Amino acid sequence: MAQSIVLGGSGTQRAELPLAMATRHGLIAGATGTGKTVTLQVMAEGFARQGVPVFAVDAKGDLSGLSMPGGPHREIDRRKALIGLDDHQLRGFPSLLWDVFGDRGHPVRTTVSDMGPDILSALLDLNETQTGIMYACFAVADDEGLLLLDLKDLRSLLAFMSANAKLLRERYGNISAASVGAIQRRLLVLEQQGVDRFFGEPALALADLMQRDFSGLGVISLLDGERLLRDSPALHTACMLWLLSELFEELPEAGDVAVPRLVLFIDEAHLLFRNLPRQLEERISQVFRLIRSKGVGIFLVTQSPKDVPEAVLGQLGTRVQHALRAYTPRDQALIRSVAAGMRNDHGLDLPRVLQDLGVGEALVSALNDDGVPAPVAAVTMAPPEGRIGPLDAAEREARRRQSPLAGRYDQPVDRESAFEL
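Residues numbered from 1 in each chain as written. Predicted model: local features only at pLDDT ≥ 70, side-chain atom pairs only at ≥ 80, totals over all residues. Heavy atoms only, no water.

A.B. asks: What is the right way to read the overall build of the protein from this model?
C.D. replies: Counting its regular elements, the protein contains 16 helices and 12 strands. Counting all 421 residues of the protein, 54% fall into the buried class. For the protein, long-range pairs separated by at least 24 residues make up 78% of all intrachain contacts whose partners lie at least 6 apart in sequence. Total accessible area on the protein is roughly 18,100 Å²; 49% of this is exposed by carbon and sulfur atoms. Treating the 44 positive side-chain charges of the protein as one cloud and the 54 negative ones as another, the clouds have centres 3 Å apart. (Helix = DSSP H or I, 4+ residues; strand = E, 2+ residues; numbered from the N terminus. Buried < 20%, exposed > 50% of the residue type's maximum accessible area, 1.4 Å probe, protein only. Contact = heavy atoms within 4.5 Å. Areas by Shrake-Rupley, 256 points an atom, 1.4 Å probe, with all protein chains shown as cover. Lys, Arg positive; Asp, Glu negative; His and termini not counted. Charge placed at Lys NZ, Arg CZ, Asp CG, Glu CD.)

Set out below in structure tokens:
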């Protein structure tokens, strides 16, 4: 087999993912408490060992411990012996901590212009008329050479458009004061939630997510999602949409690569597709289909495959399916549907196996070297090498101070833009 990462095994059987197939994307699914987060950690560490940079949404803060060596445990020893892992060693991995709010990691920022009117309209949950005004606002900014860097730039330009609606109508269409007022109120809500800190400069440079350390290990970037998912799930969605769009638009073509340039893990992926306008859902599907040519792999982490639209689900070549529970007829139908989508060459009773899997066990179907789905196998997942669980506050602060990016993003820069002009 070509260069690969070990996902798990059982006796003489081993499930591996060839690195060249990582850009065909993947899915980690299963009920709460079945081991999805540890599987994410194992895969992130596996890619990092092969020199592949990783970006992951740390939904509960539990992944941050991977920067520290794990401790000895009999369950780790059991899994090593079961799978036959001779090269497993307890160690920490190079990591960068990021936080949209700037409290628990390096601030993540982008400009309003880079976010674009479609994603921004989805973040604000605008109707069709209001979305049209947002597009007009960006058009005015382009025509007049006005920079839209932060929310105060956007607010001031909207106010200008409302005050000069008659002059602008012939070129940009009707601009009603009521619609502008509705957008302004939604922007005010975002500011009260602290979302305004996401917009501004210095903006995140994609190169800082695609680094290796001096020993050749891929650096794992962790976006703190605890507060983000709790207080601003719409911002989480917008942030992920923006990142995917930026990677797709900025990275040069790479074709079929032997080793990915970057692998993303998006936890709580159901939020990415919830209440999305059809236009944006189609755009995401297109990005998933085409971004592999940029050398980027995407792995979605969620409870059920049904959380992912069919157009995207069909593009996820690697499946790691942890246990599902059947409490209702609807749950039973879902289990049968999931089982029917797996290549079952070994005659497993997949609906029963899906319900009987223990914590840390999964049905795994990865693509082989030729890009063909391998027969599904029931395996015990490999153990992580880093610590399972979060860093404490002191460890997190020390990691932030020692970061090679310390000071680069900490202080916002407010240069002349639409607000000042």
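Let's pick the thread back up.
A.B. asks: Could you clarify how one ought to interpret the side chain of Asp208 in this entry?
C.D. replies: By the secondary structure assignment, Asp208 is in the loop between helix H8 (177–192) and strand E7 (220–224). Assessed through its relative accessible area of 7%, Asp208 is described here as buried. Of the polar contacts made by the side chain of Asp208, one reaches the side chain of Arg408; its length is 2.9 Å. The residues touching Asp208, leaving out its near neighbours within four places in the chain, are Leu96, Trp98, Ser221, Leu405, Arg408 and Tyr409. (Polar contact = N/O pair within 3.5 Å; in protein donor to acceptor, adjacent residues only side chain to side chain.)

A.B. asks: In this structure, what is going on with the packing of helix H10 (residues 233–250) against helix H12 (residues 278–290)? I would like to understand it.
C.D. replies: Between two packed helices, both the angle of their axes relative to each other and the distance between the axes serve to describe the pair. Contact geometry of H10 with H12 gives a least axis separation of 10 Å together with a crossing angle of 45 degrees. Judged by the angle between their axes, H10 and H12 are oblique. As for the relative orientation of H10 and H12, their crossing is left-handed in sense. Touching Leu241, Leu244, Ser245, Phe248 and Glu249 of H10 are Leu280, Arg283, Ile284, Val287, Phe288 and Leu290, all from H12. When grouped by side-chain class, the residues that make up the contact of H10 with H12 number 8 nonpolar, 1 polar and 2 charged. (Axes fitted to C-alpha atoms, helices over the stretch in contact; angles between N-to-C directions. Parallel < 35°, antiparallel > 145°, perpendicular 65-115°, else oblique. Left-handed = near helix turned anticlockwise from the far one by under 90°. Nonpolar A, V, L, I, M, F, W, Y, C, P; charged D, E, K, R; others polar.)

A.B. asks: Just to check I follow, could you spell out the packing of aromatic side chains for this structure?
C.D. replies: Note on aromatic pairs: each is described by the distance of the centres and the angle between the planes. Applying the stated criterion across every chain yields a total of 6 aromatic pairs. Their ring planes at 50 degrees and their centres at 6.3 Å tell us that Phe47 and Phe265 sit as a pair that is tilted. Here Phe47, found in helix H1 (residues 36–49), pairs with Phe265, found in strand E8 (residues 262–266); they are 218 residues apart in sequence, far enough to count as distant. Take Phe47 and Phe265: they sit in the same class, and that class is buried. Geometrically, the ring pair formed by Phe47 and Phe299 is tilted, given 6.0 Å between the ring centres and 50 degrees between the ring planes. Taken as a pair, Phe47 in helix H1 and Phe299 in strand E9 (residues 296–302) lie far apart in primary sequence, 252 residues in all. By relative accessible area, which is 0% here, Phe299 ends up buried. Taken together, the ring pairs in this structure connect Phe47, Phe265 and Phe299 into an aromatic cluster. Lying over the aromatic face of Phe101, Arg227 brings its terminal NZ or CZ to 3.8 Å of the ring centre. (Phe/Tyr/Trp six-rings, centres within 6.5 Å; stacked < 30°, edge-to-face > 60°. Lys NZ or Arg CZ within 6 Å of the ring centre and 35° of its normal.)

A.B. asks: I keep staring at the sheet that holds strand E6 (residues 106–107) and nothing clicks. Help me out?
C.D. replies: Strands in a sheet are paired, the pairing made by backbone hydrogen bonds, and the direction either parallel or antiparallel. The 12 strands are arranged E2-E1-E12-E11-E10-E3-E9-E8-E4-E7-E5-E6 in an open sheet whose pairing can be described as mixed. Two strands lie at the open edges of the sheet, namely strand E2 (13–18) and E6, each paired on one side alone. Alignment of strand E3 (residues 26–29) against E9, held across 4 bridges, turns out to be parallel. Residue pairing in the sheet places Gly26 in a bridge with Phe299 of E9. (Pairing = 2+ DSSP bridges.)

A.B. asks: Could you clarify how one ought to interpret the pattern of salt bridges in this entry?
C.D. replies: When the charged atoms of two side chains with opposite charge come close together, those side chains can pair. Tallied over the full model, the rule gives 24 salt bridges. Between Asp256 and Arg292 there is a salt bridge, with the nearest N and O atoms lying 2.6 Å from each other. Of this pair, Asp256 sits in the loop between H10 and E8 while Arg292 is found in the loop between H12 and E9, placing the two residues 36 residues apart along the sequence. Classification of Asp256 by relative accessible area gives exposed; the value is 66%. Each of the salt bridges in this network shares a partner with another, and the network as a whole consists of Asp103, Arg197, Arg227, Arg230 and Asp231. (Salt bridge = Lys/Arg side-chain N within 4 Å of Asp/Glu carboxyl O.)

A.B. asks: What am I meant to see in the environment of Arg415 here?
C.D. replies: Tracing the sequence through the fold places Arg415 in the segment after helix H16 (393–401). Residue class for Arg415 comes out partly exposed when judged on its relative accessible area of 42%. Residues Arg415 and Gln286, spaced 129 residues apart in sequence, show a C-alpha to C-alpha distance of 35 Å. The contact partners of Arg415, leaving out residues within four places of it in the chain, are Leu147, Leu149, Glu201 and Glu420. A polar side-chain atom of Arg415 sits 2.6 Å from a polar atom in the side chain of Glu201.

A.B. asks: What exactly am I supposed to notice about the pairing of E9 here?
C.D. replies: Within a regular beta strand, the side chains point alternately toward one face of the sheet and then the other, so they alternate between its two faces. Among the 7 residues that make up E9, 7 are buried, leaving the element largely enclosed by the rest of the structure. With 5 bridges connecting them, E8 and E9 associate as parallel partners. Each bridged residue has a counterpart across the sheet, and for Leu262 the counterpart in E9 is Val296.

A.B. asks: Just to check I follow, could you spell out helix H5 (residues 128–144) for this structure?
C.D. replies: Three or four residues apart is the spacing at which side chains of an α-helix point the same way, because the helix has 3.6 residues per turn. A rise of 1.5 Å per residue sets the reference length of H5, with its 17 residues, at 24 Å; its end C-alpha atoms lie 24 Å apart and thus fit the reference within 8%. Listed as buried for H5 are Gln130, Thr131, Ile133, Met134, Ala136, Cys137, Phe138, Val140 and Ala141. Capping the start of H5, Asn127 holds a side-chain oxygen 3.1 Å from the backbone nitrogen of Thr129, two or three residues further along. Immediately beyond the C-terminal end of H5, within one or two residues, lies Gly145, with a positive phi of roughly 70 degrees. (Expected span 1.5 Å × (residues − 1).)

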